[in-house]
Amino acid sequence: MNLDPNAIRDKLGIGDDKVYGVIGEFADPHELVHAGRKIREMGYTKLDAMSPFPVHGIDDAIGVPYSKLGWIVICIGLCGTATALLLIWWCGVINYPLVIGGKPLFDFTFSIPITFELTVLFSAFASVIGMLALNGLPRLYHPSFNYRNAHRASDDRFLLVIEADDPKFDAQKSAEHLRSVGADLVEVVEG
Amino acid sequence: METNPPLIRAKDYHDLSEQISSIVEGDVLKTPLKYWITLGVTGSITGLLGMMLTYLVATGIGVWGNNRPIGWAWDITNFVFWIGIGHAGTLISAILFLFRQKWRTSINRSAEAMTLFAVMCAGIFPLFHTGRPWRAYWLFPVPNTDLNMWQNFRSPLIWDVFAVSTYFTVSLLFWYTGLVPDLATLRDRTTKKLKQWIYGIMSFGWRGSARHWRNYEAAYLILAGISTPLVLSVHTIVSFDFATSVIPGWHTTIFPPYFVAGAIFSGFACVMTLLIIARWALNLHNLITIKHLENMNKIILVTGSIVGYAYACEFFIAWYSGNIYERFTFINRAFGPYFWAYWTMATCNVFIPQLFWFKKLRTSIPVMFVISITTNIGMWFERFVIIVTSLHRDFLPSSWGYFHPTWVDMCTFTGTIGLFLTLFLLFARFLPMIAISEVKGVLTYEKQLFKGQETGVVAK
């Protein structure tokens, strides 16, 4: 394993010579959505926004795709259904058949409660772990934390980011663009 | 009193973060003495619980008053009581979310925490009622060499194991998912290195990106969607423990909806008790307003009336069915040796909540505080009445009996109240009691964010 700090920085994309993007700051969620839409109309594609709560309309404004989470959850949830049915059937019919109260060894009716509970349990884990995975979390570091006001993105400020890997990105011009759509504070952030 | 009081009072987003986070951020050593005294008292009661459970394990289950013919007594009463209280948390966080009830945002976090603590207290009773809690894994389909067989999946008791453990796990996931953005807020607000690390790790590096929020909102909606049938299923399955037996008074189809309504009723009352105290002690008047409390009182009134209807319906069916055992059980409940328990239940659950029809009473803090407590007394008695009165006089008069709780029964139940309050006190002090990011969202999308107004933001 290479423990050379420079190599690690390089691998993680952290370094003095690297630029994460330009961040513009807004005081109001409606301004953020408005600015996001305008910046996108200028032809930028790699945009992000940071806000203390979900801002409605920002997804369409800056082009955030729909969440795929639902598909993940339904697949894992159905695995839960199958697990429960297989468990009850295999234990009761195959592995250790035991007649109790003259009831059948397996039936869908008495399997309903456990099947339902396991479907819910699997789905809940899938939605939380899936949400974190889709977001690339947990992570200890992100270049946006270098922004001087990053701590206010979870308080009362709304940030719009033009990322450096955008083909149209140019530190100076992009900063200019953010200012032109009404950002109070604009900063080029190193990654 | 204002005629149309606002839902939330805050100057702006920052003020909101400030109001909620300042409770958590204060220096631990400077916490008021009254907090430590209260924590000391509840902590000692929790210690009592520990002693009782140790005594039980060391001696045997006979230290409880359970005996023929009443094999299920306080332990199952307490289990159903605590599980029921837990239901309000998920109802507020999931069902009210799906119905887009924005007022839930001020109370959902604490109600969810309450759910977790109540389910923990509930779990203690069946666990120790097994007599050998170190064999608890026998309840789950874990392959092992000392049981050498599988659980009986045809039994409602195993359904209950799955229902309650799923409920606890899903509630925990739901609660923690809601906490993540707020932990990030705390991380960003603190200037102490250690706290930044702790909150940073606990918040998984959350940065509030639009992509994060999109997946987060999807996850939240799905969790709400699956928790809604879950919360209804849990008390339904708890009621199956009784309804699938052949004991008169238990063997009825009304049990699932009746238990669910009762659970929501008692849960809301418990949230009410805790919130009134927290609101007063932590000065949360701006965020938990009369409007929230009034809405909760309306739900208490509705569910209380459903419970009252269920009592009446049970009585009617007991007579109408023509089943003499069923009829005897119900007459015995109301006029037999346990008449005092039955009428305590009916008074607390059916008659007293009807006072909430009057606006003056449902917006009065002292009145609602008292009613919230009588409701929980009533709901404890409901479970006691269902369990003990149905068992104490069964088909054979020669085996009739009367239940006497022992001091261990009483101290164990008191101990769980101590545990519940201790956990809630710790939560209220060390984690944000109100969902910061959700309340901010409500402020914005009610389109009532008036910038620069001295009186502050008012969301109706």
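Residues numbered from 1 in each chain as written. Chains lettered and ligands numbered in written order. Predicted model: local features only at pLDDT ≥ 70, side-chain atom pairs only at ≥ 80, totals over all residues.

Looking now at the overall build of chain B. Each helix and strand in chain B was counted, giving 15 helices and 2 strands. Over its C-alpha atoms chain B spans a radius of gyration of 23 Å, differing by no more than 12% from the 23 Å that the globule rule assigns to 460 residues. Reported as C-alpha extents along the three principal axes, the dimensions of chain B are approximately 75 × 55 × 45 Å. A separation of at least 24 residues holds for 80% of the contacts in chain B among residues at least 6 apart in sequence. (Helix = DSSP H or I, 4+ residues; strand = E, 2+ residues; numbered from the N terminus. Rg over C-alpha atoms; globule rule 2.2 N^0.38 Å. Contact = placed C-beta atoms within 7 Å.)

Turning to the environment of G50 of chain B, a few remarks are in order. All names here are of chain B. Tracing the backbone shows G50 in helix α2 (residues 33-59). By C-beta crowding, G50 is classed as exposed, having 12 other C-beta atoms within 10 Å. Note: C-alpha distance between G50 and G415 (365 residues apart in sequence) is 7.8 Å. (Buried ≥ 20, exposed ≤ 12 C-beta atoms within 10 Å, placed from the backbone.)

The next point concerns the sheet that holds strand β2 (residues 47-50) of chain A. Residue and element names in this part refer to chain A. The 4 strands are arranged β2-β3-β1-β4 in an open sheet whose pairing can be described as antiparallel. Two strands close off the open sheet at either side, each with one partner strand: β2 and β4 (185-190). Each neighbouring strand pair of the sheet contributes to a mean axis angle of 25°, computed without reference to strand direction. Two elements, β2 and strand β3 (residues 158-163), share 4 bridges in a ladder whose sense is antiparallel. (Pairing = 2+ DSSP bridges. Axes fitted to C-alpha atoms, helices over the stretch in contact; angles between N-to-C directions.)

On to the environment of L127 of chain B, then. Residue and element names in this part refer to chain B. Tracing the backbone shows L127 in helix α4 (residues 108-129). Sequence separation between L127 and D146 is 19 residues; the distance between their C-alpha atoms is 18 Å. Beyond its immediate chain neighbours, meaning those up to four positions away, L127 contacts P133 and A136.

Our next topic: the packing of helix α5 (residues 156-189) of chain B against helix α7 (residues 210-243) of chain B. Residue and element names in this part refer to chain B. Between α5 and α7, the shortest axis-to-axis distance is 9 Å and the interhelical angle comes to 150°. By the angle between their axes, α5 is roughly antiparallel relative to α7. The element α5 and its partner α7 pack so that their crossing is left-handed. Facing α5, whose interface residues are P156, L157, W159, D160, A163, V164, T166, Y167, V170, L173, F174 and T177, α7 presents A219, Y220, L223, S227, L230, S233, V234, I237, V238, F240 and D241. (Parallel < 35°, antiparallel > 145°, perpendicular 65-115°, else oblique. Left-handed = near helix turned anticlockwise from the far one by under 90°.)

How big an interface is tends to be reported as the loss of accessible area on association of its parts. Contact with chain A, which involves 52 residues of that partner, is made by 50 residues of chain B. For the side of chain A that touches chain B, the elements supplying multiple residues, two or more each, are β2, α3 (58-62), α4 (69-95) and α5 (108-134) of chain A. It is α5 of chain A that provides the largest number of residues to the side of chain A that touches chain B, a total of 15 residues. Of the residues assigned to the side of chain A that touches chain B, the class counts are 31 nonpolar, 14 polar and 7 charged. (Nonpolar A, V, L, I, M, F, W, Y, C, P; charged D, E, K, R; others polar.)

As a further point, take the confidence of the model for chain B. All names here are of chain B. With 95% of its residues at a pLDDT of 70 or more, chain B has an overall mean of 88. Low pLDDT, under 50, characterises residues 447-460; the predicted model gives this stretch 26 contacts beyond four residues in sequence or across chains. The ipTM for the predicted assembly is 0.90, set against a pTM of 0.90. (pLDDT = per-residue confidence, 0-100.)

Turning our eyes to something else, we now look at the nonpolar core. Membership of the largest hydrophobic core comes to 180 residues, with the highest contact counts inside it found for A49 and L160 of chain A together with F268, V271 and F424 of chain B. Among the elements that make up this core, the one with the highest residue count is α7 of chain B (18 residues). Every residue in contact with V271 of chain B, bar those within four places of it in the chain, is listed here: A88, I107, A111, M114 and M296 of chain B. (Core = buried A, V, L, I, M, F, W, Y, C linked by C-beta atoms within 7 Å.)

Residues and elements named next belong to chain B. The geometry of helix α9 (residues 290-320) relative to helix α11 (residues 339-351) is characterised by a closest axis approach of 8 Å and an angle of 135° between their N-to-C directions. Our classification of the angle between α9 and α11 gives oblique. Across the interface between the two elements, G304, V307, G308 and Y311 of α9 pack against A346, N349 and V350 of α11. Among the residues making up the contact of α9 with α11, the classes are represented as 4 nonpolar, 3 polar and no charged.

A word on helix α10 (residues 324-335) of chain B. Residues and elements named next belong to chain B. For α10, built from 12 residues, the straight-helix expectation of 16 Å at 1.5 Å per residue is met to within 8% by its first-to-last C-alpha distance of 16 Å. Within the span of α10, buried status applies to T329, F330, N332 and R333. End-on, the buried residues of α10 take up no more than an arc of 160°, which puts them together on one face. Along α10, exposed side chains directed more than 90 degrees from the buried face belong to I324 and F335. Each element contacted by the buried residues of α10 is listed here: α9, α11 and α13 (365-392). (Expected span 1.5 Å × (residues − 1). Arc of directions from axis to C-beta.)

Time to look at the pairing of strand β1 (residues 19-26) of chain A. Where a strand is regular, its side chains alternate between the two sheet faces. Residue and element names in this part refer to chain A. Burial runs high along β1: 7 of the 8 residues are buried. Judged from the 6 bridges that link them, β1 and β4 form a sheet pairing that is antiparallel. Directly across from I23, in β4, lies its bridge partner E187. Across 6 bridges, the pairing between β1 and β3 is antiparallel.

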